[in-house]
Amino acid sequence: QGVEVQTDYIPLLNSLAMYGWQLTCVLPTPIVKTNREGNLSTKQIVFLQRPSLPQKAKKKESKVNNL
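The model shown is predicted, which means the values in this text are computed figures rather than measured ones. (Residues numbered from 1 in each chain as written. Predicted model: local features only at pLDDT ≥ 70, side-chain atom pairs only at ≥ 80, totals over all residues. Heavy atoms only, no water.)

Honestly, the overall build of the protein in this entry has me stumped. Any pointers?
Scanning the protein from terminus to terminus reveals one helix and two strands. In the protein, the order of α-helices and β-strands from amino to carboxyl end is α-β-β. Expressed as a percentage of its 67 residues, the buried residues of the protein come to 1%. For the protein, restricting intrachain contacts to residue pairs at least 6 apart in sequence, the fraction spanning at least 24 positions comes to 39%. Total accessible area computed for the protein in this model is approximately 7100 Å², and 54% of it derives from carbon and sulfur atoms. (Helix = DSSP H or I, 4+ residues; strand = E, 2+ residues; numbered from the N terminus. Buried < 20%, exposed > 50% of the residue type's maximum accessible area, 1.4 Å probe, protein only. Contact = heavy atoms within 4.5 Å. Areas by Shrake-Rupley, 256 points an atom, 1.4 Å probe, with all protein chains shown as cover.)

Looking at this structure, how should I read the pairing of strand 1 (residues 22-34)?
Within a regular beta strand, the side chains point alternately toward one face of the sheet and then the other, so they alternate between its two faces. Here nine bridges tie strand 1 to strand 2 (residues 40-49), and the two strands are oriented antiparallel to one another. By the bridge assignment, Lys 33 is partnered in strand 2 with Ser 41. As consecutive antiparallel partners, strand 1 and strand 2 are separated by five residues, and within that stretch Gly 38 has a phi angle of approximately 90°, a positive value. (Pairing = 2+ DSSP bridges.)

Just geometry here; none of it tells us what the structure is for.
If you want it as structure tokens, here you go:
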């Protein structure tokens, strides 16, 4: 009661989304810090992934032997 949770991953996600990264999971850690105002902050582990890109088929150049 009386606790307000503030998280803002939007700037991080927007900056990484242009490169194809997507948020998959956020895990809280037991690390808790208090600032001068008495506010608590926690560290979290953020997992991101991006779909694998299809590998380009290597074009085999046919070698023509001139006889």
